[in-house]
Structure formats: C-alpha cells, structure tokens
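# Observations on the three-dimensional arrangement
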Amino acid sequence: MHQSEKYSHSFLFRHYASILENNRSIILEGGNGRIDFTDYAEDKIMSVVALIRISPQVSSRIAAFEEKLKAIEPDMYFYEPQDYHITALDILKGERGRKLPDNIDEYAEAVRFCSSKIKPFEISFEGVSASDSAVMVCGYYDEALEQLREMLRAELKHRGLTLDERYRTFSSHVTFARLCSKYANPEKFLSFISKPISFGTMTVSSIELCFHSWCDAQKTVIANFPLS
C-alpha cells in the first residue's frame, strides 16, 4: 500500500503506540471516564462530519473483539457495529445544541466535488490502542485519504464555508469503546488489547456526510458520495 512518507505505516504505528504508552500509567490507575458521557452518546452534542463507514467484514471482526472486551470491562460504552466509522474530516465539531446548518447543501456540494476527484483506496486495520478513556482499532491508509482531507479543507475555505475542526485529523482509527467510570481490570485490559491482531483490509469507495452525536448513536445521513 503506497502512501506518502508523511503519514506512512511506520509513522502511524508510532502514533498509535505513543497513545497507549503515554496513557499506560493513567489506565493502570483506572483511567478517566466521562461522568457526562450520555450527553455525548445521545443527541445533545452534535457535529457535522465527513466520514468513512466500515465494511461488514472488518466490522464483524471488530464486533467479535468487542464482545471479548466486554467480559473484561462490562461497564464501558460499546459502539454498535453500524456506528463504527473513521472521521475523514470533522467539519463542524461537536457542540451542545448544535443544529443542522441551513446551508448544509453547500457543504454537501463541497464534499461531493472533492469525492469526485479521489479514486477508491484501501485502509488496513491492525492492532488496538487505547487512551485514558477510549479504545480504538488502528487503521493504516493509502495517501488518497490524506489528499481528500487537504482537498476538503481547501475547498471549504474556497467556498467561504466554516471549518471548525476539533483538532487536525490525520489518523484513521476506529473508536469502538469509551470509558464511563473507571477501568475495572486495568492490567487485564492492557494485556488483552496489547496482543497482535488483524481486522483485515477494506476498500473505501464512498464518503458520507453526516450530522451525528459524538458516538454516532444518533445520526442523520445527509448524503453518500461515491469516489471517482
């Protein structure tokens, strides 16, 4: 899988490894669960995103891993398979009370235009990482995703549309569990997620524009745009 050196497999591997290593001591102390998590899981805090849905084959493998994790940490918030996604671009970050913009059709046209310029590409999923409050599958992508993100940023600016990213996205992880209180078995948890595992590879052939809650449990799909 060819891609630029900027976000190469080795770069992303180090990034995911550093997330886990930087949070290891905090995880062992129980992590940092969100007391206000239901506000994020439901429809109180909403955002507009361009995202990638995960293929059924990869989703089924993530779901199987998730079931095993539930036996170790049953009180976490676990995503439903239909909510698995990769954020291509956080266009309007999550805010309490955010409504669907009146000019959402203009955003849709910008995403459609950029999608038409990108060919289908692959993302492979290998290994699991975790922060002090979330668990994610590590994704490794073709440079076309980087090109799409930069094109979207430039096109939104060109059209005079607001871009309000929570942070500058560059990874391709799939978050599938979030901590609500404390890790019940932190050492067992770390041992389990640190084992090598492959979830397979998928071809990305479309980009979805979505108005959704932080965990995607509540969502309105605006449009789905095929890659060229």
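All of the points below concern the structure found in this document. Bear in mind that the values here come from a model prediction, so they are computed numbers and not experimental data.

What counts, and where the lines are drawn
Residues numbered from 1 in each chain as written. Predicted model: local features only at pLDDT ≥ 70, side-chain atom pairs only at ≥ 80, totals over all residues. Heavy atoms only, no water. Salt bridge = Lys/Arg side-chain N within 4 Å of Asp/Glu carboxyl O. Buried < 20%, exposed > 50% of the residue type's maximum accessible area, 1.4 Å probe, protein only. Helix = DSSP H or I, 4+ residues; strand = E, 2+ residues; numbered from the N terminus. Contact = heavy atoms within 4.5 Å. Pairing = 2+ DSSP bridges. Axes fitted to C-alpha atoms, helices over the stretch in contact; angles between N-to-C directions. Core = buried A, V, L, I, M, F, W, Y, C linked by side-chain atoms within 4.5 Å. Phe/Tyr/Trp six-rings, centres within 6.5 Å; stacked < 30°, edge-to-face > 60°. Lys NZ or Arg CZ within 6 Å of the ring centre and 35° of its normal.

### Structural notes on the pattern of salt bridges
If you walk through the whole model with that rule in mind, you get 15 salt bridges. Across the pair Arg98 and Glu95 runs a salt bridge, and its minimum N-O distance is 3.5 Å. Here Arg98 falls in the buried class, since its relative accessible area comes to 16%. Of the residues examined, Glu95 reaches a relative accessible area of 35% and is grouped as partly exposed. Lys219 serves as the salt-bridge partner of Asp216, at 3.0 Å between the closest nitrogen and oxygen. One network of salt bridges, in which partners are shared, links Arg53, Asp83, Glu208, Asp216 and Lys219.

### Thoughts on the environment of Leu69
By the secondary structure assignment, Leu69 is in helix α3 (residues 56-72). For Leu69, a relative accessible area of 0% puts it in the buried group. The spatial distance from the C-alpha of Leu69 to the C-alpha of Arg159 is 44 Å, given a sequence separation of 90 residues. The contacts of Leu69, once residues within four sequence positions are left out, are Phe78, Val135, Phe176, Ala177, Phe189 and Phe192.

### Let's talk about the sheet that holds strand β6 (residues 174-178)
Here we have five strands laid out as an open sheet, ordered β2-β6-β5-β4-β7, and antiparallel in their pairing. The sheet terminates laterally at β2 (77-78) and β7 (198-204), the two strands that pair on one side only. Across six bridges, the pairing between strand β4 (residues 121-130) and β7 is antiparallel. Within β7, the residue paired with Glu122 across the bridge is Thr203. Against the sheet, helix α1 (residues 9-28) contacts β4 and β5 (134-141), and its axis sits at roughly 170° relative to β5. In the packing of α3 onto the sheet, contacts are made with β2, β4, β5, β6 and β7, and the angle to β7 comes to roughly 145°.

### Description of the nonpolar core
Of all hydrophobic cores here, the largest spans 71 residues; its most connected members are Ile91, Phe125, Val135, Phe176, Phe189 and Ile193. Residue contacts for Phe125: discarding those within four places in its chain leaves Ile54, Val58, Ile86, Val137, Cys138, Gly139, Ser172, Val174, Ser198, Phe199, Gly200 and Met202.

### Focus: the side chain of Asp83
Among the structural elements, Asp83 can be located in the loop between β2 and β3 (85-96). Residues contacting Asp83, with those up to four places away along its chain left out, are Arg53, Cys215, Asp216, Ala217 and Lys219.

### Topic: the sheet that holds β3
Pairing is antiparallel across the open sheet formed by four strands, whose spatial order is β3-β1-β8-β9. Strands at the two margins of the open sheet, each flanked by one partner only, are β3 and β9 (219-226). Each strand axis lies, on average, 15° off the axis of its neighbour in the sheet, ignoring direction. In the sheet, strand β8 (residues 206-213) pairs with β9 via seven bridges, with the strands oriented antiparallel. Its bridge partner lying in β9, Glu208 is registered against Asn224. Relative to β3, helix α5 (residues 143-158) is tilted by about 35°, and along the sheet it contacts β1 (45-53), β3 and β8.

### Describing the packing of aromatic side chains
Considering all chains together, one arrives at nine aromatic pairs under this definition. Ring centres of Tyr16 and Tyr140 lie 5.6 Å apart, and the angle between their planes is 85°; this geometry places the pair in the edge-to-face category. Taken together, the residues span a long stretch of sequence, with Tyr16 in helix α1 and Tyr140 in strand β5 at a distance of 124 residues. Like Tyr16, the residue Tyr140 is buried in the burial classification. On the basis of an interplanar angle of 80° and a centroid distance of 5.7 Å, the ring pair of Phe65 and Phe199 is categorised as edge-to-face. Highlighted residues: Phe65 in helix α3 and Phe199 in strand β7, separated in sequence by 134 residues. Like Phe199, Phe65 is buried. Chaining the aromatic ring pairs together yields one cluster made of Phe65, Phe176, Phe192 and Phe199. A cation over an aromatic ring shows up here: Arg178 above the ring of Trp214, its NZ or CZ 3.9 Å from the ring centre.

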